[in-house]
Amino acid sequence: MHRILAHAATDIIKSVFHEHKVLDRCLAQAFEANPKWGKRDRSFIAETCFEVVRWRRALSFLADSEDVEALCAAQWGRMGYELPDWWTYHGASADEMTSREAELPQQARAIRESIPDWLDVLGLEELGASWDSELAALNQRTRVYLRVNTLKTSRLAAQEWLASQNIVIEEVSHLPDALALMPGKTLAKKFRMDGRVEIQDGGSQMIAPLLAPQAGECIIDTCAGAGGKSLHLASLMQNQGRIIAMDVVPRKLRELEKRAQRAHPKHCIETHRIDAQTIVRYKEVADRLLIDAPCSGLGTLKRQPDLKWRLQPETINKVRAIQAEILSDYSSMLKPGGRLVYATCSVLPSENHANTARLLEQGGFRLVEEHTISPATCGYDGFYAAVLTKI
Ligand SMILES: C[S@@+](CC[C@H](N)C(=O)[O-])C[C@H]1O[C@@H](n2cnc3c(N)ncnc32)[C@H](O)[C@@H]1O
């Protein structure tokens, strides 16, 4: 273990815990600032940071301390490292930590599964008996999934291309365009920027097909962000038709435009920054409408364990109110007879079924089907999608 790398990891973890920074971004910045760090160095730092952030409370129990240095010591013990003499911290000795592992399963769920107490109460309240298994699944490390851009290549050709670059991948059986990297592997930037594949979780790849988009139609993606699902829709429509990708954040739409350009030089996606005129201007314009609403993101804790320490109960309340408003207002952009998909990457029914039920109560929609993509059942991020038709 290298002293510099060990300290780099603790600095990142401190900025996540104490300054509420986003872990992924901190790691990317640190790697960019230190181009001499090799693959192994980076993976040591990334694994330390991700696992300490993921298992904060469990490690704190083992180390009998909340000091980041002590949490790292406990995590390195779990990773099989012997603690170097130069590593100093306030907390249990390495031997004590090992013996405390045996007591961990008897601790309260919020401690052994490492989540804030309020989140444990909320999860149990909303998910009942299934909270245990969903939470355990949300704490598992996940693989990187790719979606093959079928506007540029086929799954087989993409597989052959990646294999020729010594990247081992597997097909994902029930997702026609998906490939999975081996556990723990990431995709280098040059492959991400190529446009033949996009990083997209398996759960997320299940959403766009629910719209059943047809070539030539007009699709509105009201909360398009950087365009994960707009790009997928363009592929499914063989780039024929019109996709209007909207968001309130211009930076995300600029990123979407770059990605769309990489996916196809003559893509069918146009972007629109939402303003006060949007709902009137696009009233009954869409044949199909995707509302991939802003949400708590609790379905994605595998990939972003730092989120659980940033989230507050008030944030979730605010997000629920925004979802209800968006669903009620934006659904007017759909033509009568059109298909609406309301989706979130949350596992909480209050962000999911409850909003669908409210829309149905308001009238004007019929429920076709509801899907709950459960991390415990399928191993992907947690998603929810309701498919409705406008009467
Ligand atoms: C779940 S993310 C979208 C992810 C994206 N659809 C994808 O597949 O990559 C939700 C998006 O909603 C946007 N958003 C937040 N408030 C909004 C609002 N009032 N109207 C439209 N979009 C909003 C956020 O900026 C964010 O990009």
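Residues numbered from 1 in each chain as written. Predicted model: local features only at pLDDT ≥ 70, side-chain atom pairs only at ≥ 80, totals over all residues. Heavy atoms only, no water.

**Regarding the sheet that holds strand S6 (residues 242–247)**
Within the open sheet, the 7 strands sit side by side as S7-S6-S5-S8-S9-S11-S10. Their pairing is mixed. Each of the sheet's edge strands pairs with one partner strand only, and the pair in question is strand S7 (269–273) and strand S10 (365–373). Averaged over all pairs of adjacent strands, the angle between strand axes in this sheet comes to 15 degrees, irrespective of strand direction. Looking at chain direction, S10 and strand S11 (residues 383–390) are connected through 8 bridges and run antiparallel. What sits directly across from Thr372, in S11, is Tyr384. (Pairing = 2+ DSSP bridges. Helix = DSSP H or I, 4+ residues; strand = E, 2+ residues; numbered from the N terminus. Axes fitted to C-alpha atoms, helices over the stretch in contact; angles between N-to-C directions.)

**What to know about the UniProt feature "active site" (unreviewed entry) in the chain**
UniProt annotation of "active site" (unreviewed entry) refers to Cys345 when read in the numbering used here. Checked against the element boundaries, Cys345 lands in the loop between strand S9 (334–344) and helix H18 (353–362). Once residues lying within four places of it in the same chain are set aside, the contact partners of Cys345 are Cys295, Gly297, Leu298, Gly299, Thr300, Gly382 and Phe383. (UniProt positions renumbered as here; feature names shortened; annotations may be inferred. Contact = heavy atoms within 4.5 Å.)

**A look at the pattern of salt bridges**
Taken as a whole and judged by the stated rule, the model has 24 salt bridges. Of the charged contacts, one joins Lys14 and Glu69 as a salt bridge, the two residues approaching to 2.6 Å between their closest N and O atoms. One end of the pair, Lys14, is in helix H1 (residues 3–19); the other, Glu69, is in helix H5 (residues 68–78), with 55 residues separating them in the sequence. With relative accessibility at 27%, the residue Lys14 sits in the partly exposed group. Note that Asp287 and Lys335 form a salt bridge whose closest N and O atoms lie 2.9 Å from each other. Here the residue Asp287 occupies a position in strand S8 (residues 286–292), and Lys335 occupies one in strand S9, the gap between them amounting to 48 residues. The network of salt bridges with shared partners includes Glu47, Glu51, Arg54 and Arg141. (Salt bridge = Lys/Arg side-chain N within 4 Å of Asp/Glu carboxyl O. Buried < 20%, exposed > 50% of the residue type's maximum accessible area, 1.4 Å probe, protein only.)

**Topic: the side chain of Ser114**
Residue position: Ser114 is located in the loop between helix H7 (109–112) and helix H8 (117–127). Among the polar contacts listed, one links the side chain of Ser114 to the backbone oxygen of Trp55, at a separation of 3.3 Å. If we skip the residues at most four places from it in the chain, Ser114 touches Arg54, Trp55, Arg56, Arg57, Ala58, Arg109, Lys308 and Trp309. (Polar contact = N/O pair within 3.5 Å; in protein donor to acceptor, adjacent residues only side chain to side chain.)

**Examining the domain arrangement of the chain**
Accessible area lost upon the coming together of the parts serves often as the stated size of an interface. Domain boundaries in the chain define domain 1 (3–114), domain 2 (145–199) and domain 3 (202–390). Once you take the C-alpha centre of each, domain 2 and domain 3 turn out to be 24 Å apart. Taken together, the contact pairs 17 residues of domain 2 with 16 residues of domain 3. Counting the surface lost from both domain 2 and domain 3, the interface buries some 1,400 Å², and carbon and sulfur atoms represent 50% of this. Summed over the shared surface of domain 2 and domain 3, the result is 1 salt bridge. Here Arg259 and Glu198 are joined by a salt bridge, their closest N and O atoms 2.7 Å apart. Broken down by element, the residue count for the side of domain 2 that touches domain 3 peaks at 3 residues, all from strand S1 (residues 145–148). Class assignment for the residues of the side of domain 2 that touches domain 3 results in 7 nonpolar, 4 polar and 6 charged. (Domains from an automatic or database assignment. Buried area = accessible area lost by both parts, 1.4 Å probe. Nonpolar A, V, L, I, M, F, W, Y, C, P; charged D, E, K, R; others polar.)

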